[in-house]
Amino acid sequence: MSDIAERVKKIVVEHLGVDEAKVTENASFVDDLGADSLDTVELVMAFEEEFGCEIPDDAAEKILTVKDAINYIQEHG
Amino acid sequence: MAGAFDLDGQVAVVTGASGGIGGAIARSLHAQGATVVLTGRRREALDALAAELGERAHVVVADTTEEGAAEKIVAEAEKLGSLDILVNNAGITRDTLAMRMKDADWAGVIDTNLTACFRLARASLKGMMKRRHGRIINITSIVGVTGNAGQTNYAAAKAGLIGMSKAMAAEIAARGITVNCVAPGFVATAMTDALDEKQRDALTQRIPAGRLGKPEDVAAACLYLASREAGWVTGQTLHVNGGMAMI
């Protein structure tokens, strides 16, 4: 597993306080991991901080799963 | 054991701390143990207040309407530990009847009294969200609710603060952050000192409590809203006006 994926998952575990085993690549933040709209904003901000990039709102809206986040950062990070 | 409204170990930013009400708010939070960041445009007044308070007082000279000022103030506060309390107190007036009001009078008041407060609140949220604790207090005014001839710009900005506070409060209540307003009535400051005796008497007659407010009256309301005890109070406007408007 890539370093980016590890870091993304770590952030998700920390921010949402969920069991690491639940944070699979296909897990949806809202449907599977119980995130609300504020959680998703916080997650995006945490990704921005961790990877030193800016994720515009229209891109952030499309980051719905762990995999979406990893893919976006791999492409833009 | 800590007493009521204890703020020991917390950091508070007070904008407009060089003014009468801002200074009283800073003194009150400081007296309860908070480290205070005093911001304003007049260094001399801020330095004098910091010297009076002694330790746990820091001065950041800033014009809150300038780009990047909010981020700078928040960064200075976070350096002292964590920004726990933001009091958006800085405000200006450019009074004139609507028919005579210039665009610059309108925009200047909206920029300072509303937009700059939003920017500071937004910049404060990041750390507060992470720590699951924060208190944002916006100093609005009785005229934001009642209106006042000659103050269309000021009344609009102050009413705007109330709406802004409610919306923000709803967004972040689940994170332990409260957003409230304190709405002073007529408080004795340099502004009311300019009135003659007759004008002051006329004003006082409209206040059931029979006197103008003191900056300390406003500061006490801020202290309550800044405290941990007020954690379940959010999106509210606390009117401090000697009974002049009962809303």
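Conventions adopted
Residues numbered from 1 in each chain as written. Chains lettered and ligands numbered in written order. Predicted model: local features only at pLDDT ≥ 70, side-chain atom pairs only at ≥ 80, totals over all residues. Heavy atoms only, no water. Pairing = 2+ DSSP bridges. Helix = DSSP H or I, 4+ residues; strand = E, 2+ residues; numbered from the N terminus. Axes fitted to C-alpha atoms, helices over the stretch in contact; angles between N-to-C directions. Contact = heavy atoms within 4.5 Å. Expected span 1.5 Å × (residues − 1). Buried < 20%, exposed > 50% of the residue type's maximum accessible area, 1.4 Å probe, protein only. Core = buried A, V, L, I, M, F, W, Y, C linked by side-chain atoms within 4.5 Å. UniProt positions renumbered as here; feature names shortened; annotations may be inferred.

1. What about the sheet that holds strand E1 (residues 11–15) of chain B?
Residues and elements named next belong to chain B.
Consideration 1: Across the sheet, seven strands lie side by side as E3-E2-E1-E4-E5-E6-E7; this open sheet has parallel pairing. Two strands in the sheet have a free side with no partner beyond their single neighbour: strand E3 (57–61) and strand E7 (237–240). This sheet shows a mean twist of 20° between the axes of neighbouring strands, independent of strand direction.
Consideration 2: The strands touched by helix H4 (residues 103–131) are E1, strand E4 (83–88), strand E5 (134–139) and strand E6 (177–184); relative to E4, the strand with the most contacts, the crossing angle is about 165°.
Consideration 3: Across the sheet, helix H9 (residues 215–226) lies against E4, E5, E6 and E7, angled at about 165° from E6, the strand it touches most.

2. Considerations on helix H6 (residues 152–172) of chain B
Every α-helical turn comprises 3.6 residues, leaving residues that sit three or four positions apart pointing alike.
Consideration 1: Taking 1.5 Å of rise per residue, the 21 residues of H6(B) would be expected to cover 30 Å, and the 30 Å separating its terminal C-alpha atoms lies within 8% of that figure.
Consideration 2: Taken together, the buried positions of H6(B) are occupied by Asn153(B), Tyr154(B), Ala155(B), Ala157(B), Lys158(B), Leu161(B), Ile162(B), Met164(B), Ser165(B), Met168(B), Ala169(B) and Ile172(B).
Consideration 3: Contact partners of the buried residues in H6(B): helix H2 (37–51) of chain A together with H4, E5, helix H5 (143–146), E6 and E7 of chain B.

3. Description of the nonpolar core
All names here are of chain B.
Consideration 1: Among the nonpolar cores identified, the biggest contains 31 residues, and Ile25, Leu29, Leu38, Val87, Ile137 and Val182 are the most heavily contacted of them.
Consideration 2: Contributions of two or more residues to this core are made by E1, helix H1 (20–31), strand E2 (35–40), helix H2 (43–53), E4, E5 and H9.
Consideration 3: No other element matches H9, which puts seven residues into this core.
Consideration 4: Beyond its immediate stretch of four places on either side in the chain, Val87 contacts Val13, Val14, Thr15, Ile25, Leu29, Ile137 and Ile139.

4. Brief notes about the UniProt feature "modified residue: O-(pantetheine 4'-phosphoryl)serine" (unreviewed entry) in chain A
Consideration 1: UniProt annotation of "modified residue: O-(pantetheine 4'-phosphoryl)serine" (unreviewed entry) refers to Ser37(A) when read in the numbering used here.
Consideration 2: Relative to the assigned elements, Ser37(A) resides in helix H2.

5. Considerations on the UniProt feature "active site" (unreviewed entry) in chain B
Residues and elements named next belong to chain B.
Consideration 1: In the numbering adopted here, UniProt assigns the feature "active site" (unreviewed entry) to Tyr154.
Consideration 2: Tracing the chain through its elements places Tyr154 in helix H6.
Consideration 3: Not counting chain neighbours up to four residues away, the residues in contact with Tyr154 comprise Ile92, Thr93, Val109, Asn113, Ser141 and Val143.

6. Notes on the side chain of Ser28(A)
Consideration 1: Residue position: Ser28(A) is located in the loop between helix H1 (3–16) and H2.
Consideration 2: Apart from the residues within four sequence positions on either side, Ser28(A) is in contact with Leu33(A), Leu64(A) and Thr65(A).

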